[in-house]
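# Geometric and topological summary
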Amino acid sequence: MAVEIKIDNRTVWVNLLKQNGNLLELDVDGKVYQVDLLHTPGGTFSIIESGRSYNIELVPQNHPKKYTAHTLYNTFDLEIIDAETRYLINRGSNGTASNEKNISSPMPGKVVKVLVKEGDAIQKGENAIIIAAMKMESEYKAPIDGIVKKVNVKDGDTVEGNQILIEIE
Amino acid sequence: MAVEIKIDNRTVWVNLLKQNGNLLELDVDGKVYQVDLLHTPGGTFSIIESGRSYNIELVPQNHPKKYTAHTLYNTFDLEIIDAETRYLINRGSNGTASNEKNISSPMPGKVVKVLVKEGDAIQKGENAIIIAAMKMESEYKAPIDGIVKKVNVKDGDTVEGNQILIEIE
Amino acid sequence: MNHIKKILIANRGEIAIRIMRTCREMDISSVAVFSEADRTSQHVRYADEAYYIGKAPSGDSYLNIEKIIEVAKNCNADAIHPGYGFLSENAKFARRCNEEGIIFIGPSPEVIDQMGDKIKARETMIKAGIPVVPGTEGSINSEEEALNAIKEIGLPVMIKASAGGGGKGMRLVHTKEDIVSAVRAARSEAKSAFGDDSVYIEKYITSPHHIEFQILGDQHGNAVHLFERECSVQRRHQKMIEETPSPLMTPELRSEMGRAAVDAAKAVNYTGAGTIEFLVDDDLNYYFLEMNTRLQVEHPITERVTGVDLVKQQIKTAEGHPLEIQQEKLFQRGHAIECRIYAEDPDNNFMPSAGKIYKITEPLGLGVRTDGYVYEGYEIPIYYDPMISKLIVWGANRDEAIRRVRRALYEYKITGVKTSIKFLERIMNTPDFIDGKYDTHFIEKNKELLLAKDPCDNCNDMVAIAAYIDYLSKINRVQEVNQGFAPAQSRWKKVPYINHF
Amino acid sequence: MNHIKKILIANRGEIAIRIMRTCREMDISSVAVFSEADRTSQHVRYADEAYYIGKAPSGDSYLNIEKIIEVAKNCNADAIHPGYGFLSENAKFARRCNEEGIIFIGPSPEVIDQMGDKIKARETMIKAGIPVVPGTEGSINSEEEALNAIKEIGLPVMIKASAGGGGKGMRLVHTKEDIVSAVRAARSEAKSAFGDDSVYIEKYITSPHHIEFQILGDQHGNAVHLFERECSVQRRHQKMIEETPSPLMTPELRSEMGRAAVDAAKAVNYTGAGTIEFLVDDDLNYYFLEMNTRLQVEHPITERVTGVDLVKQQIKTAEGHPLEIQQEKLFQRGHAIECRIYAEDPDNNFMPSAGKIYKITEPLGLGVRTDGYVYEGYEIPIYYDPMISKLIVWGANRDEAIRRVRRALYEYKITGVKTSIKFLERIMNTPDFIDGKYDTHFIEKNKELLLAKDPCDNCNDMVAIAAYIDYLSKINRVQEVNQGFAPAQSRWKKVPYINHF
């Protein structure tokens, strides 16, 4: 079964051609590899290809078809693009096409100070809110010129990762 | 629900009296403990009792109701004695009442030499078979005086752990 | 002479465990305290005893003096070790310990007051004849004062928390316009870190090297120094890499600065472990910066080259033992480097990265030490410092040490949260670092090299293959309870290893 | 001078990884080879390249000279490092490497022949004027010869494999009746370990101390010694604990034995790392026992006190570099102890314990190094050595080192298989060991102390509680996919920490 996979900004098709236990023959975008592959249920992969030993660790993300992959040297964002994903991408609701008009928290933290209120005009790059996490304060700026449509948090609130804090229109 | 538990050679009854999240009140053989207990699905327990911090690791054994428990200082064999276990113990088929007439391998290995053949008379303490594992040879002796009834392995065989090698009667 | 039998560690994370390890080696019982966010922290499990002290914000727990004193009394602890941060440089806490007959493992409250307050410390050093950086004489109480100070000293200036340390409550100001927001930010950070928001202003030395000397003093007037630590690799005014010996140091300068450090310690009758921080410019002029009256995060590199367990020395001097260490017998063997592993995203302005640790592989082998506290499945709380581990590496010389750090960082894997590991690895490959030619502007100066993506031939395709196999397993609903390695879709035990098609 | 760019490591387990670590630090590519039983071994994953070489029994893989040479040639390895055991003291292998233009990282085949064969080695040492243990002049070819030898030398005697090392193929004989079965057993073990079943007989020294000297030689006639290792704590004639300095040693004896070791090395133009083993009796008489022409399992304690990376020195001398190390600049700093972690059951005559590793907690922090290769979920194969890890601990002095070993062993948890960890901990609490008063009979002599159960107040009840809660979770079918800690029957995230009923 051929599957489309997005690695960072590159998209490849992968297909299993042959299998004999741990020995697999696969096609990656037209290139054929013979690999000796073992993996744990936790996502640790040991792959030997042409004698080279690769260690890869797949870390599942919140989304079931998304991973972060760690090789010994690098980190990649991965996504399996199956029929369902394609459908969602077309509908624009895959989460990848994030709304660039809002300010959201990249990680959990605490609101130190909201610097704007609903109805305020705000310019791109202007500070809108200060969030503290792990003893560091960060100032979040407006991504566009606009009017503050909604402020979802107040000073002292605890926020989750990826929570939308301020909506701008 | 009170449950009977065997720890090495001691048997205790344990019962949960009260629970509030991580805080438990339990009765162990009439002694009441208030503990702050957290555990992982992998069997790592952190228990704080009267301020003392205990770390316990439960390692599941092949038998579903048997564990090996590791504290920071000690190792214990544990067994949950529920109705089913009691029934099996009474029938003598719990695996704990092992057949003391046979010679079995305590661990996987390779047969170096079988020193007896079927029909041989053998005395208690006499060497019957040599097994090699991890570059060490061990001689296994007859547990009783008797006649070799059956030899299940031959020189060069690979054996599993707990396999019956020689039956004596 | 007091014999300490039980120590309460008024701290958390790696330093709590670090201290408990030495306690264990000295047959001293250790007592952990923990906040609501820290019940699952490793230090709670490492300790012999553990007590809850309050809600997650440190003001409600690790900074709650009376609660900690109460726990210490109830469990009969003879002594309290404050670690670093939190109450470690809080004179009031040290005083309360003394009042309750509990040994505070650190200097006297008077010395903490005198040296811990950066403004008083400067005065003391000026009196002792040690050069200091030009700056305000007292703390800054208004925006006007700040603006006036700048006029006198000249820009750029550094705003610093009076009670500070560890880079918290510090702001560098280049332009007049930034002074107000910088003072506000420094105050706010200082308040939350130390419970004291007073700040002062110092001339900013261009191209400065941050070099500090470790000192040890006893209750009998003896003091020694354990040489320098070079701490110039910093981001956001916080140390990231420390090494000893300093590549900048000469034997003459070392002995001169070492003598100054010992003089400073003796001037205040310092007891226990402390650190004199200096700024050194390119012409090897040195200025007293501040004194840290506590154990330093980076103390392990000194331990590694001198062979001295600094926590053990703290405990012994707190018991009243005279120092067994003589200055002339101390020497540095080889070279040690510490890398701080932060849960943060170097590609995104070092933003802290809280979350759950997925997997950890510790680097091991010759010359490698790690001091950490996180474990697989641990959720890093948002309330405390993002430093999750320290890697301390030793080599026979600087070149061997750098190569070994690279090897150790290559082995070190922490997944689930973003960490500084890859960034540290790039620092080890940066010519300025390799040549030992760097000051506190190193990261800024080498930004382009440090934020570059690493090459990776065809491991891209291998990654795609791994994800593909994982996806196939999932859609085929292959449930594996087994921890071990297995071929795709089948169990290892059942399929013997196959070596050709 | 050759510049080595790629090394094939003809070994497995911890020593393969140990060597690869240094390769990585020297920017040398490492090539692993693996048997069918070892595809999932850590050394395969650590290496840059990995190749299958045959079935699980070592005769079909790790002892298969031609297969290994073939792999080395195909992947263009410049050099082969044999580790210890397997082909490390096989002159034929070294010769084949030379023939194929591959650098063998070790001494010349002639020296391996001369020193690796224990009988020839004795002759060489006698010629060089170094005292040897009385024994047979050649190997024993029949039971009669064995019985005659005993008559001459007198009982007790030690039967040893001519090609031996590491305690394999050794048997102590106290009574005449045991000689036949002992020779048979020694032969059989020697055959399977070294592919050579010749054995010889030596006088057994009562109350012997097993002390060895590390030496390094280059291709230019230089040789130095890196002091002694005390290896008297043995079970089944295999080392269990090693330390340096030896508690028995005096500075005079050290310099005399060190000189003898260097003389021995120079007498055969020794190149690379090697070890001269001596027996020392209570009166400090020393006898040459054997020379190991390879890296020793316990080499890390020497690395720790001298600061020398022995694998790096092996590689550099193999490249043809003259030794950079001068005898007069070498010194021992502090004290280092190695504990070997075996997968075995100390309560059952040290029976090996193969099986699957459940969980591992590595000891970390100041002065602690582990060199291991197993990981969680790894199934230890039955075909190879039961040693799964080495713990190497350093302290400023012997007392600190012992206390630190105790602390490290307390932290070290390996579950799923039985290990020697608890037994080692008891050794660290045994007065004879603490006093440094022990010989090779130490374990036998202290059996009672060493096999005692440790006390554990009421943790019995806590264990019962843990099992009870686990059982309740199981019957309530609470499925947890989460790795983290959780309260009984409920998830941590959903139930905030509760601090009183």
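Here the structure is a predicted model, which means the values were calculated and not measured.

## Observations concerning the confidence of the model for chain A
With 92% of its residues at a pLDDT of 70 or more, chain A shows a mean pLDDT of 85. Ranking the elements of chain A by mean pLDDT puts helix H1 (residues 83-91) of chain A last with 72 and strand S3 (residues 23-28) of chain A first with 94.

## Topic: the confidence of the model for chain C
Of all residues in chain C, 94% attain a pLDDT of 70 or more, and the chain-wide mean is 91. Among the prediction metrics, the complex's ipTM stands at 0.88, with pTM recorded as 0.89.

## Remarks on the interface of chain D and chain B
With 66 residues of chain D at the contact, the number on the chain B side is 72 residues. Taken together, the two surfaces of chain D and chain B that pack against each other cover about 6100 Å², and 65% of this comes from carbon and sulfur. The tally of links between chain D and chain B comes to two salt bridges. Two residues, Glu-139 of chain B and Arg-184 of chain D, come together in a salt bridge whose shortest N-O distance is 3.9 Å. At the level of elements, helix H8 (179-194), strand S16 (351-352), strand S22 (413-415), helix H17 (459-475) and strand S23 (486-487) of chain D are the ones that each hand at least two residues to the side of chain D that touches chain B. Of the residues forming the side of chain D that touches chain B, the biggest block, 17 residues, is contributed by H17 of chain D. A per-class count over the side of chain D that touches chain B returns 37 nonpolar, 14 polar and 15 charged.

## A look at the environment of Asp-8 of chain B
Here Asp-8 of chain B is to be found in the loop between strand S1 (3-7) and strand S2 (10-20). Accessibility expressed as a relative area gives 27% for Asp-8 of chain B, which makes it partly exposed. Beyond its immediate stretch of four places on either side in the chain, Asp-8 of chain B contacts Thr-75, Phe-76 and Asp-77 of chain B together with Lys-453 of chain D.

## A few points about the sheet that holds strand S15 (residues 158-159) of chain A
Strand pairing in a sheet relies on backbone hydrogen bonds, with the paired strands running either antiparallel or parallel. Residue and element names in this part refer to chain A. Within the open sheet, the four strands sit side by side as S13-S12-S10-S15. Their pairing is antiparallel. Across the chains shown, the open sheet's two edge strands, defined by having one partner strand only, are strand S13 (136-141) and S15. Here six bridges tie strand S12 (residues 127-133) to S13, and the two strands are oriented antiparallel to one another. Bridging across to S13, Asn-127 finds its partner in Lys-141.

## What about the pairing of strand S9 (residues 209-217) of chain D?
Residues and elements named next belong to chain D. Where burial is concerned, most of S9 is hidden: nine out of the nine residues are buried. The alternating pattern of S9 places His-209, Ile-211, Phe-213, Ile-215 and Gly-217 and His-210, Glu-212, Gln-214 and Leu-216 on opposite faces, both of which are buried. With nine bridges connecting them, S9 and strand S12 (residues 272-280) associate as antiparallel partners. Residue pairing in the sheet places Leu-216 in a bridge with Ala-273 of S12. Adjacent in sequence and paired antiparallel, S9 and strand S10 (residues 223-235) are bridged by five residues, among which Gly-221 carries a positive phi angle near 85°.

## Observations regarding unusual backbone geometry
The peptide bond linking Thr-244 of chain C to Pro-245 of chain C adopts the cis configuration, its omega dihedral lying at -5°. Within the secondary structure, Pro-245 of chain C is located in the loop between strand S11 (238-244) and helix H9 (251-267). That bond from Leu-155 of chain D to Pro-156 of chain D is cis: its omega, -5°, falls within 30 degrees of zero. Residue placement: Pro-156 of chain D occurs in the loop between helix H7 (143-153) and strand S6 (157-161). Phi at Phe-350 of chain C takes a positive value of approximately 60°, unusual for a residue other than glycine. With respect to the secondary-structure elements, Phe-350 of chain C resides in the loop between strand S15 (344-345) and strand S16 (351-352). Of note in this structure, Phe-227 of chain D is not a glycine but carries a positive phi near 70°. Along the chain, Phe-227 of chain D turns up in strand S10. When its relative accessible area of 10% is taken as the criterion, Phe-227 of chain D is described as buried.

## Structural notes on the sheet that holds strand S9 (residues 102-104) of chain A
All names here are of chain A. One open sheet holds the four strands; their spatial order is S9-S16-S14-S11, and the pairing between them is antiparallel. Since the sheet does not close on itself, it has two edges, and those belong to S9 and strand S11 (121-122), each with one partner. Summarising the sheet, S11 and strand S14 (residues 146-151) pair through two bridges and their orientation is antiparallel. Across the sheet, Ala-121 pairs through a bridge with Ile-147, a residue of S14.

## Remarks on the packing of aromatic side chains
Residue and element names in this part refer to chain C. Tallied over the full model, the rule gives 31 aromatic pairs over all chains. Relative to Tyr-378, the ring of Tyr-373 lies with its centre 5.6 Å away and its plane at 75°, an arrangement referred to as edge-to-face. Like Tyr-378, Tyr-373 is buried. Taken together, Tyr-62, Phe-86, Tyr-383 and Tyr-384 form an aromatic cluster joined through their ring pairs. A cation over a ring is seen here: Arg-235 above Tyr-342, with NZ or CZ 4.1 Å from the ring centre. Above the ring of Phe-350, the side-chain terminus of Arg-235 is found at 5.5 Å from the ring centroid.

## Thoughts on the interface of chain A and chain C
With 72 residues of chain A in contact, the opposing surface of chain C contributes 66 residues. Regarding the contact of chain A and chain C, the summed buried area is about 6100 Å², with carbon and sulfur atoms giving 65% of it. Together, Met-134, Lys-135 and Met-136 of chain A form the three largest contributors to the area buried by chain A at its contact with chain C, with a combined 13%. Run the count over chain A and chain C and you get one salt bridge. We note a salt bridge from Asp-461 of chain C to Arg-10 of chain A, for which the minimum N-O separation is 3.1 Å.

What counts and how
- Residues numbered from 1 in each chain as written.
- Chains lettered and ligands numbered in written order.
- Predicted model: local features only at pLDDT ≥ 70, side-chain atom pairs only at ≥ 80, totals over all residues.
- Heavy atoms only, no water.
- pLDDT = per-residue confidence, 0-100.
- Helix = DSSP H or I, 4+ residues; strand = E, 2+ residues; numbered from the N terminus.
- Contact = heavy atoms within 4.5 Å.
- Buried area = accessible area lost by both parts, 1.4 Å probe.
- Salt bridge = Lys/Arg side-chain N within 4 Å of Asp/Glu carboxyl O.
- Nonpolar A, V, L, I, M, F, W, Y, C, P; charged D, E, K, R; others polar.
- Buried < 20%, exposed > 50% of the residue type's maximum accessible area, 1.4 Å probe, protein only.
- Pairing = 2+ DSSP bridges.
- Phe/Tyr/Trp six-rings, centres within 6.5 Å; stacked < 30°, edge-to-face > 60°.
- Lys NZ or Arg CZ within 6 Å of the ring centre and 35° of its normal.

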